[in-house]
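Architecture at a glance
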Amino acid sequence: PRALQEFLADDCARHGHSVATVFSDHENVFVKGEFRDLLLRRGIGSTASAPYTQARNGLAERQFRTVFALARAMLRSARVPTQLWTYAIQHAVYCSNRVVQAGMTATPEERWTGKKPNVGHLRPFGCLGYLWDPALAKDKVGSHGHLCFLLGIAKLSNSYLVFKIETETVVETVHVRFTEGRQWWQTDPVRDADMSGRLVAQLQHQLPLTASGIPGGERDPAEPLLGVVQQEWDAWWREHGDQPPSG
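Computed from a prediction, not measured in an experiment: that's the story for all the values here.

On to the overall build of the chain, then. In terms of helices and strands, the chain carries eight helices and seven strands. A sequence separation of at least 24 residues applies to 47% of the contacts in the chain between residues at least 6 apart. Carbon together with sulfur atoms contributes 54% to the accessible area of the chain, which is approximately 15,100 Å² in total.

A few words now on the state of the cysteines. Taken as a whole and assessed by the stated rule, the structure comprises zero disulfides. There is no disulfide at Cys 127, and the cysteine sulfur nearest it, in Cys 148, is 8.3 Å away.

Here we take up the packing of helix H1 (residues 2-15) against helix H3 (residues 33-42). Running from amino to carboxyl end, H1 crosses H3 at an angle of 25 degrees, the nearest separation of the two axes being 10 Å. Taken together, the axis directions place H1 and H3 in an arrangement best described as roughly parallel. Mapping the contact onto sequence places Leu 4, Gln 5 and Leu 8 in H1 and Phe 35, Leu 38, Leu 39, Arg 41 and Arg 42 in H3. Residue composition of the contact of H1 with H3, by class: five nonpolar, one polar and two charged.

Another aspect to go through is helix H4 (residues 58-78). Taking 1.5 Å per residue, 21 residues should reach 30 Å; H4 reaches 30 Å between its end C-alpha atoms and fits that length. If you check which residues of H4 are buried, you get Val 67, Ala 71, Met 74, Leu 75 and Ala 78. Each buried residue of H4 lies within a common arc of 100 degrees when the element is viewed along its axis, so the set occupies one face. Among the exposed residues of H4, those oriented more than 90 degrees off its buried face are Arg 65, Arg 72, Arg 76 and Ser 77. The inward-facing, buried residues of H4 abut helix H5 (85-96) and strand S7 (176-183). Two residues or fewer after H4 comes Arg 79, characterised by a positive phi angle close to 55 degrees.

When H3 is considered as a whole, its buried residues turn out to be Phe 35, Leu 38 and Leu 39. Around the axis of H3, the buried residues are gathered within 95 degrees of arc, so they sit on the same side. Projecting away from the buried face of H3 at angles above 90 degrees are the exposed residues Glu 34, Leu 40 and Arg 41. In this fold, the buried residues of H3 make contact with H1, strand S1 (21-24), helix H2 (28-31) and strand S2 (45-48).

To continue, consider the nonpolar core. Ranked by internal contacts, the top residues of the largest apolar core, which has 21 residues, are Val 80, Leu 84, Ala 88, Phe 125, Phe 149, Leu 151 and Trp 184. If you list the elements that add at least two residues to this core, you get H4, H5, strand S4 (145-153) and strand S5 (160-164). In terms of residues, this core owes the most to one element, H4, which gives five residues. Not counting residues up to four positions away in its chain, the partners in contact with Phe 125 are Met 74, Leu 75, Ala 78, Val 80, Tyr 87, Ala 88, His 91, Leu 150, Leu 151 and Gln 183. Ranked by size, the runner-up nonpolar core spans ten residues in total, among them Cys 127, Leu 131, Leu 150 and Ile 153.

Our focus in this paragraph is the pattern of salt bridges. A full pass over the atoms with the stated rule returns six salt bridges. Among the ionic pairs, Asp 10 bridges to Arg 14, the shortest N-O distance being 3.0 Å. Of this pair, Asp 10 and Arg 14 both sit in helix H1, four residues apart, which is roughly one turn of the helix. The network of salt bridges with common partners includes Asp 10, Asp 11, Arg 14 and Lys 155.

In this section: unusual backbone geometry. A negative phi holds for most residues other than glycine; trans holds for most peptide bonds. You will see that Arg 79, though not glycine, has its phi angle at about 55 degrees, which is positive. Position of Arg 79 relative to the elements: it lies in the loop between H4 and H5. Residue Arg 79 is classed as partly exposed on the basis of its relative accessible area of 24%. Of note in the backbone geometry, Asn 158 takes a positive phi value of approximately 55 degrees without being a glycine. Following the sequence through the fold, Asn 158 ends up in the loop between S4 and S5.

About the criteria used
- Every chain is numbered on its own, with residues counted from 1 as its sequence reads.
- Reporting of local features is limited, given that this is a predicted model, to residues whose pLDDT is at least 70; pairs of side-chain atoms are given and counted only at 80 or more, and all residues count toward the totals for whole chains, interfaces and linings.
- Neither water nor hydrogens contribute to the side-chain values; these are computed over all heavy atoms in the structure.
- Secondary structure elements follow DSSP: runs of H or I no shorter than four residues count as helices, runs of E no shorter than two count as strands, and numbering proceeds from the N terminus.
- A contact between two residues is defined here by any heavy atoms of the two lying within 4.5 Å.
- In these tables, accessible area is a Shrake-Rupley quantity obtained with a 1.4 Å probe, and a residue counts as shielded only by the protein chains included in the view.
- When two cysteine sulfur atoms are found within 2.5 Å, that pair is recorded as a disulfide.
- Structural elements are reduced to axes, namely lines fitted to C-alpha atoms, with helices fitted over the stretch in contact, and the angle between N-to-C directions of any two is expressed from 0 to 180 degrees.
- Between 65 and 115 degrees an angle is taken as roughly perpendicular, under 35 as roughly parallel, over 145 as roughly antiparallel, and anywhere else as oblique.
- Ten residue types, Ala, Val, Leu, Ile, Met, Phe, Trp, Tyr, Cys and Pro, are classed as nonpolar, four, Asp, Glu, Lys and Arg, as charged, and the remainder, Gly among them, as polar.
- Multiplying 1.5 Å by the residue count of a helix minus one yields the expected span of that helix.
- Categorising residues by exposure relies on relative accessible area from a 1.4 Å probe, with only protein chains included: less than 20% of the type maximum marks a residue as buried, more than 50% marks it as exposed, and the intermediate range marks it as partly exposed.
- This arc corresponds to the set of directions leading from the helix axis out to the C-beta atoms.
- Among the buried residues, those of types Ala, Val, Leu, Ile, Met, Phe, Trp, Tyr and Cys that are joined through side-chain atoms within 4.5 Å form a nonpolar core.
- Only one rule defines a salt bridge in this text: a Lys or Arg side-chain nitrogen within 4 Å of an Asp or Glu carboxyl oxygen.

So this is what it looks like as structure tokens:
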């Protein structure tokens, strides 16, 4: 009910829209309880498909399938831990609303708001970023930021949602620079030693390593992940078209 309340109070009221009828499946959460009471208070009609006949709600079911397929592809492509799947879903919906759908002449965002959306701020999901930390700005010669990767766009503040690797927390910020050609798992474990142990384990599980630590083959379990040779990493980045970061 809270999500529907926010939608009615924020999106609908701000753009001058109203909801006449909500069509759903026959789950109890939609036909009974707080959700149903909210629709009655707002004077919104409610129609539900017959039990166990999801095909009658085909448009919504198909949209769910599309969104989850996009989120799954983004998680796999960026090698983002699956525990962050909710952010992938949100970003998939955000991007889908800004793409012209089949049979339409405008994007869903433009049809809803009346304005053509700006997509210049979009960056690849999971791409590597450098988050500026004002607490470190006093250090004249040290690092002023932390490694992070993109999780999406914050709705209320229109800023970036990034995952701070060092503390494993989600941060909402505009003070971030992204390297779009590299993903978070392409960080150099020697140079970027602030990568947390749990994410290193996730990387080690998802990205097989050679005996020397280079992605692509079997890795000796007795060899520590952070013990890779710097020159070998540089050679690997050059071979794959990504130059290692300078400094």
